[in-house]
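Fold and geometry: a report
Chain by chain, the residues run as shown.
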Amino acid sequence: MSVMNYFDYSATTPLSKSVNQLMQEVETSYYANINAKHDFGVQSKAFVQSYIESMASALSIPVSSLIFTSGATESNNMILFGLAKSYPNKKHIITTSLEHHSMISPCGELQRQGYEIEFIPYSQGQLDLNALKGMIREDTLCVSVIAVESETGLLHPLKAIKAICNERQVPLHSDMTQAIGKVKVDFNDVNYASFSSHKIYGPKGIGACCLFKDDIKPLILGGRSLSKLRAGTPPNALIVGFAQSCIDAIQSLVQRVHEVEQLRNVFISECANIEQLHVNQPKVGVPHILNVSLVKCDRHEVVRLLSLEQCYVSASSACSGQENVSKAVLTITQNMDYATSSIRISLSHLTTKDEIASLIKALKKVTL
Ligand SMILES: Cc1ncc(COP(=O)(O)O)c(C=O)c1O
């Protein structure tokens, strides 16, 4: 591809060059089944295990809490259905209306099976935690709250939510896919977490669950793996690649965030010169997700027109399809015009000032 201005890092990121090299090394030198008893199996296991340990240490979590899956979609499914399997009498789930489809769809499936799914209301763009206090019941299976909402970057107050859950002895799960490597995360704030490698410059096809409670029943049964909770031959290169991208993301978090904040400030100040453009800013948000509305423009058409200018943004999160109204933008702005004309621009430390200039130019052209 020739010129490309990529602003869709929240949908997925390119694989880091050094991680790619490391994965090649694993594929050529440490590819043995790590459950094999011969020396090559033992060496491969030691190599993979050393990366898992470093990843757990970078995340400040015990190695035993880390379960590898195929991605955050599987992690979310595993936690929700695995909990449902463990506690068949608890048929009430509390979540938010702004979860990713990989939580919404499993919740929908459980609802069809007779579960009651309740959404914590928002008040002025923020979760109403007083309402949450009144919602927890004896039969509540879990509370699940996405850490960073994918379309607007709204940051949810996990610590305060965990305090409420602790009081009522209900476990808290969080989908941390848009948070890890983008904002400082404290795993003490949750009982279960999910995240994915391809959002942090790691390979696609691998993610993780962090389970800080030992009560989830496995969904995938079969041959020996790294954990009894998820059967299947461990994918050595994917695990090592994911682990290294995670270590890199945590170690360079402060620097990456600083770079993204600077780019964001440049973008926002330039936006002031585009009359039709409104920045949809949550009260508390992360810097790498920017959401703007081009008032009176159809958001899908804006994405198409920007694409013709080689600027790649998205109308919403990549998985939410062709929805005409952004629930997330409506929640934080309470403005239907903004919610029907919003686009997501997601930034990275790899974004350049020239790319920002190209985007501003393209936005001006689209709004003419
Ligand atoms: C918040 C959130 N959760 C879950 C997912 C699904 O992740 P994966 O692609 O690893 O299954 C995504 C990816 O778009 C996401 O943004």
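Criteria and thresholds
- Residues numbered from 1 in each chain as written.
- Predicted model: local features only at pLDDT ≥ 70, side-chain atom pairs only at ≥ 80, totals over all residues.
- Heavy atoms only, no water.
- Domains from an automatic or database assignment.
- Buried area = accessible area lost by both parts, 1.4 Å probe.
- Salt bridge = Lys/Arg side-chain N within 4 Å of Asp/Glu carboxyl O.
- Pairing = 2+ DSSP bridges.
- Helix = DSSP H or I, 4+ residues; strand = E, 2+ residues; numbered from the N terminus.
- Axes fitted to C-alpha atoms, helices over the stretch in contact; angles between N-to-C directions.
- Contact = heavy atoms within 4.5 Å.
- Core = buried A, V, L, I, M, F, W, Y, C linked by side-chain atoms within 4.5 Å.
- Buried < 20%, exposed > 50% of the residue type's maximum accessible area, 1.4 Å probe, protein only.
- Parallel < 35°, antiparallel > 145°, perpendicular 65-115°, else oblique.
- Left-handed = near helix turned anticlockwise from the far one by under 90°.
- Near = heavy atom within 4 Å.
- Polar contact = N/O pair within 3.5 Å; in protein donor to acceptor, adjacent residues only side chain to side chain.
- Areas by Shrake-Rupley, 256 points an atom, 1.4 Å probe, with all protein chains shown as cover.
- Nonpolar A, V, L, I, M, F, W, Y, C, P; charged D, E, K, R; others polar.
- Expected span 1.5 Å × (residues − 1).
- Phe/Tyr/Trp six-rings, centres within 6.5 Å; stacked < 30°, edge-to-face > 60°.

Points about the domain arrangement of the protein chain
If you check the domain split of the protein chain, you get domain 1 (5–14 + 253–356) and domain 2 (17–251). Relative placement of domain 1 and domain 2: their C-alpha centres are 26 Å apart. Carbon and sulfur atoms supply 54% of the area buried between domain 1 and domain 2, which totals about 2,800 Å² over both sides. Area buried by domain 1 at its contact with domain 2 is led by Thr13, Leu253 and Arg256, which between them contribute 21% of it. Put simply, domain 1 and domain 2 have one salt bridge between them.

Considering the sheet that holds strand E2 (residues 66–69)
Read from one edge to the other, the open sheet built from seven strands follows the order E2-E10-E9-E8-E7-E3-E4, with strand pairing classed as mixed. The sheet is open, and its two borders are formed by E2 and strand E4 (116–119), each paired with just one other strand. Between one strand and the next, the sheet's axes are offset by a mean angle of 20°, whatever the strand orientation. Sheet topology note: the E2/strand E10 (residues 207–211) ladder contains four bridges and is antiparallel. Across the sheet, the residue bridging to Thr69 is Gly207, located in E10. The strands touched by helix H2 (residues 39–59) within the sheet are E2 and strand E9 (192–196), with E2 carrying the most contacts at an inclination of about 115°. Running at roughly 100° to E9, helix H7 (residues 236–251) makes contact with E2, E9 and E10 of the sheet.

Focus: the nonpolar core
Across soluble globular proteins, nonpolar side chains have a tendency to be buried as a group. Membership of the largest hydrophobic core comes to 57 residues, with the highest contact counts inside it found for Met55, Leu66, Leu132, Val143, Ile161, Met176 and Phe195. For this core, the domains that each give at least three residues are domain 1 (5–14 + 253–356) and domain 2 (17–251). With near-sequence residues (within four places) excluded, Ile161 lies in contact with Leu127, Leu129, Leu132, Val143, Val145 and Leu172. Of all hydrophobic cores here, the second largest spans 27 residues; its members include Leu306, Cys311, Leu347 and Val366.

Points about the sheet that holds strand E11 (residues 277–279)
The sheet built from three strands is open, its strands ordered E11-E12-E14 with antiparallel pairing. Every interior strand has two partners, whereas the edge strands, E11 and strand E14 (342–346), have only one. Strand-to-strand, the axes of this sheet are offset by a mean angle of 30°, without reference to chain direction. Its contacts with the sheet place helix H8 (residues 253–271) against E11, strand E12 (289–294) and E14, and it is angled at close to 10° to E12.

Comments concerning the packing of helix H3 (residues 72–86) against helix H4 (residues 101–112)
To characterise two packed helices, one gives the angle between the axes of the helices and the distance between these axes. The N-to-C vectors of H3 and H4 enclose an angle of 30°; their axes lie 9 Å apart at closest approach. One element, H3, and the other, H4, form an angle in the roughly parallel class. Crossing hand, H3 versus H4: right-handed. In contact with Thr73, Asn76, Asn77, Leu80, Phe81 and Ala84 of H3, H4 contributes Ser102, Met103, Pro106, Cys107, Glu109 and Leu110.

Examining the site of the ligand
Around the ligand lies a shell of 14 residues, among which Thr73, Asp175, Ser196, His198 and Lys199 are the nearest. Between the ligand and the protein, one listed contact pairs a nitrogen atom with a side-chain N or O atom of Asp175 at 2.6 Å. Interatomic distance of 2.5 Å between a side-chain N/O atom of Ser196 and an oxygen atom of the ligand. Protein chains bury 89% of the 390 Å² of accessible surface belonging to the ligand in isolation. Among the residues forming the shell around the ligand, the class breakdown is three nonpolar, nine polar and two charged.

Examining H2
The terminal C-alpha atoms of H2, which comprises 21 residues, lie 30 Å apart, in line with the 30 Å expected from a rise of 1.5 Å per residue. The secondary structure elements touched by the buried residues of H2 are helix H1 (17–29), E2, E9 and H7. Once H2 finishes, Ser60 follows within two positions and takes phi at roughly 55°, a positive value.

Details of the pattern of salt bridges
Taken as a whole, this structure holds 11 salt bridges when the rule is applied. In this structure, Glu109 engages Arg112 in a salt bridge whose closest nitrogen and oxygen atoms are separated by 3.2 Å. Taken as a pair, Glu109 and Arg112 lie in helix H4 at a separation of three residues, close to a single helical turn. A salt bridge links Lys159 to Asp189; the nearest nitrogen and oxygen atoms lie 2.8 Å apart. In this pair, Lys159 is assigned in helix H6 (residues 158–167) and Asp189 in the loop between strand E8 (172–175) and E9, connecting sequence segments 30 residues apart.

Some words on the packing of aromatic side chains
Scanning the model with the defined rule gives eight aromatic pairs in all. Here Tyr6 and Tyr9 contribute two aromatic rings whose centre-to-centre distance is 4.8 Å and whose plane-to-plane angle is 80°, an arrangement assigned as edge-to-face.

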